[in-house]
Amino acid sequence: MTLEQEIERRRTFGIIAHPDAGKTTLTEKLLLFGGAIQTAGAVKSNKIDMGTRSDWMDIEKQRGISVATSVMGFDYKNLKINILDTPGHEDFAEDTYRTLTAVDSVIMVIDCVKGVEKQTEKLMDVCRMRNTPVICFINKLDREGRDAFELLDEIEEKLDIKVRPMSWPIGMGKTLRGVFNIHENNLNLYEPNKQKKVDEVVQIEGVEDPNLSNYLPDSAIDTLKEEVELVNGVYDEFDSKAYLNGDMAPVFFGSAVNNFGIRELLDCFTEIAPQPYSRETEQREILPTESKFSGFIFKIHANMDPKHRNRIAFVRVCSGKFQRGSNYFNVRQNKNFRFSNATAFMAQQKETVEEAFPGDIVGLYDTGNLKIGDTLSEGEKGIYKGIPSFSPELFREVINMDAMKSKQLEKGLHQLMDEGVAQLFTFEMGARKVVGTVGALQFEVLQYRLLNEYGANAKFEAVNIYKACWISGGDDKLDAFVKDKYRHIARDKEGKLVFMAETKAWLQMVQENFPDVQFHFISEF
Ligand code: G4P
């Protein structure tokens, strides 16, 4: 197969959702319908069970499972589909945001009872940064959920995206009778079944087809006709261009746990989802079809077994062909490395990979050289754009408890930051080190790993910081600001200037007083 053909057949996407909406269930069902697994129940949830946790090691062990399911590749209808899993727990949200930089599209799961939840909104913001195409799957139709139109309104409003229903529910909860596929004009009758793999659809000629009465009572047909008429009147036709630009989300309805509505989703996905497209480096746009290999690292997973201190770096291939055993250039380090140990992910098995193509994810074993955001190439020097850091939610100061081990602490902190466990900010004044995280869990992770892997004993003390804001502006104005607020200025791990605001009100005041300085809550602006 030529490189072009390999690219054309790849679809790399992520499934995102607020915890509990049904992401794990849907992932599994897609694998089941795609023929990648034979029975339901084979995909372990990477959900972290906080209720029964005794310490964070348990959580890490549970999280270890997610390495195996980090990427699930399978062949379906001549396509190579790569599903990238995202951690369910909110404390690992930053991991999810980074994973989204490595996909070409997403499927967003929404619980029909709960509607658009907080985490869904945040995830959508991240998708919008790169105009990632989104398909929505409204799940749990077997429950008494909210009105379908109301849910669609909420998606449009809260997620700021146009929607186009591709299927329509006939009833909901106890009265659920099926879904009508507007896109293909067929009827999928509901029958709860957790193991079935084929949806037997009834082909009909639209909602006016008299044959409908063989399957549905008159009242259900009347409602369906009315609603489909309304759908076609209110929502624009599906527009592939708008979907690919991230402006329109096609919407499907179903029940993942009952294997219902999955086939429609998967088939439409394979029809409309984008193949790998070009990506930008600092220097230029790189096409996937370029013959030279390039890719970037979006995730690093540490091996928790102290006897094997290696880590796995996940590389998204962006152009050319990756070949095991080749030397590739790490742009940040300006150095060539040989990658003889590379892993691909098929269904749930890891296997050694000889070659990989744009859209594929390769796992590289690493002993500490690689860092999230690194670009690998065949010599070209541009770094792939787009792995931003978000201003953390919680901040604590690092206190070294053992003066003899400062070097170990320094090394440990830097390596753990490279893995993306948390963010480190070093104050210009006094070199105070403050760590920022999304959740409290990461402080436990850091403390434990610093001690066990690096022999460094550190404590994390509460500090009064509300937000870390990356700052920019004209040189003079920025210099004047930094001088004025020098006690509150720090640098992130890349050396970028950051203003550490103590309270929301104070930040607002400072923003008003320095209108020429821009304050950003994301490291890329
Ligand atoms: P997540 O990865 O998004 O966090 O969600 P997950 O798939 O783990 O699903 C969360 C819960 O919702 C699970 O129940 C799952 O069975 C249930 N669920 C998923 N799809 C549907 C659906 O279509 N209808 C209904 N009624 N429930 C659904 P659980 O009780 O937490 O776990 P389990 O014991 O059922 O596995």
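Above this note sits the structure.
All values reported here derive from a predicted model rather than from experimental measurement.

Draft legend 1. A look at helix 10 (residues 406-418). For helix 10, which comprises 13 residues, the first-to-last C-alpha distance of 18 Å matches the rise-based estimate of 18 Å (1.5 Å per residue) to within 8%. Burial in helix 10 covers these residues: Leu 409, Gly 412, Leu 413, Gln 415, Leu 416, Met 417 and Asp 418. Of the residues trailing helix 10, Gly 420 is marked for its positive phi of about 85 degrees.

Draft legend 2. Quick look at the packing of aromatic side chains. Counted by the stated rule, this structure contains 20 aromatic pairs. Ring geometry for Phe 337 against Phe 339: centres 6.4 Å apart, planes inclined by 40 degrees, an arrangement best described as tilted. When sorted by exposure, Phe 337 lands in the same class as Phe 339, which is buried. Among the aromatic residues, those joined into a ring-pair cluster are Phe 481, Phe 499, Trp 506, Phe 514 and Phe 519. Over the ring of Phe 427 we find Arg 432; its NZ or CZ atom is 4.6 Å from the centre of that ring. Here the guanidinium or amino end of Lys 467 rests over the ring plane of Phe 521, the centre of that ring lying 6.0 Å away.

Draft legend 3. Quick look at the sheet that holds strand 1 (residues 10-17). The seven strands are arranged 2-3-1-4-5-11-6 in an open sheet whose pairing can be described as mixed. Taken across any chain shown, the strands that pair with only one partner, and hence form the sheet edges, are strand 2 (71-76) and strand 6 (162-165). Across the sheet, the mean angle from the axis of one strand to that of its neighbour is 25 degrees, orientation sign disregarded. Relative to strand 3 (residues 79-84), strand 2 runs antiparallel, the two being bridged by six bridges. Considered in strand 3, the bridge of Met 72 is made with Ile 83.

Draft legend 4. How the structure looks around the packing of helix 2 (residues 23-33) against helix 9 (residues 262-272). Packing of helix 2 against helix 9 brings their axes to within 10 Å, and their N-to-C directions diverge by 75 degrees. One way to sum up the angle between helix 2 and helix 9 is to call them roughly perpendicular. Of the residues in helix 9, those touching helix 2 at Leu 26, Lys 29, Leu 30 and Phe 33 are Ile 262, Arg 263, Leu 265 and Leu 266. In terms of residue class, the contact of helix 2 with helix 9 is built from six nonpolar, no polar and two charged.

Draft legend 5. Structural view of the layout of surface pockets. In this structure, the largest pocket occupies an estimated 890 Å³ of space. Lining of the largest pocket is provided by 50 residues; of these, Ile 372, Ile 387, Ser 389, Lys 493 and Glu 494 occupy positions nearest its centre. Secondary-structure elements contributing two or more residues to the lining of the largest pocket are helix 3 (56-68), helix 4 (93-100), strand 14 (294-302), helix 10, strand 25 (423-427), strand 26 (433-437) and helix 11 (441-454). For the second largest pocket, the calculated volume is near 470 Å³. Lining the second largest pocket are 20 residues, and of these Met 129, Arg 130, Glu 280, Lys 385 and Gly 386 lie nearest its centre. Going through the elements one at a time, helix 5 (118-129) and strand 12 (279-280) are the ones with two or more residues in the lining of the second largest pocket. Residue-level mapping places the lining of the second largest pocket at the junction of two domains, with at least three residues from each of domain 1 (6-70 + 85-93 + 103-272) and domain 2 (279-377).

Draft legend 6. Structural view of the site of the ligand. If you check the shell around the ligand, you find 16 residues, and the closest are Asp 20, Lys 23, Thr 24, Thr 25 and Ser 255. At 3.4 Å, a backbone N or O of Ala 21 approaches an oxygen atom of the ligand. At 2.5 Å from an oxygen atom of the ligand is found a side-chain nitrogen or oxygen belonging to Thr 25. When the ligand sits alone it has 700 Å² of accessible area, and the protein chains cover 66% of it. In terms of residue count, helix 2 provides more of the shell around the ligand than any other element does, three residues in total. Residue composition of the shell around the ligand, grouped by class: four nonpolar, six polar and six charged.

Quick notes on the rules
- Residues numbered from 1 in each chain as written.
- Predicted model: local features only at pLDDT ≥ 70, side-chain atom pairs only at ≥ 80, totals over all residues.
- Heavy atoms only, no water.
- Helix = DSSP H or I, 4+ residues; strand = E, 2+ residues; numbered from the N terminus.
- Expected span 1.5 Å × (residues − 1).
- Buried < 20%, exposed > 50% of the residue type's maximum accessible area, 1.4 Å probe, protein only.
- Phe/Tyr/Trp six-rings, centres within 6.5 Å; stacked < 30°, edge-to-face > 60°.
- Lys NZ or Arg CZ within 6 Å of the ring centre and 35° of its normal.
- Pairing = 2+ DSSP bridges.
- Axes fitted to C-alpha atoms, helices over the stretch in contact; angles between N-to-C directions.
- Parallel < 35°, antiparallel > 145°, perpendicular 65-115°, else oblique.
- Contact = heavy atoms within 4.5 Å.
- Nonpolar A, V, L, I, M, F, W, Y, C, P; charged D, E, K, R; others polar.
- 1 Å grid on protein atoms, 1.4 Å probe; cavity = no way out; pocket = protein on both sides within 12 Å on 5 of 7 lines; lining within 4 Å.
- Points joined across faces, edges and corners; volume = space filled by probe spheres on them.
- Domains from an automatic or database assignment.
- Near = heavy atom within 4 Å.
- Polar contact = N/O pair within 3.5 Å; in protein donor to acceptor, adjacent residues only side chain to side chain.
- Areas by Shrake-Rupley, 256 points an atom, 1.4 Å probe, with all protein chains shown as cover.

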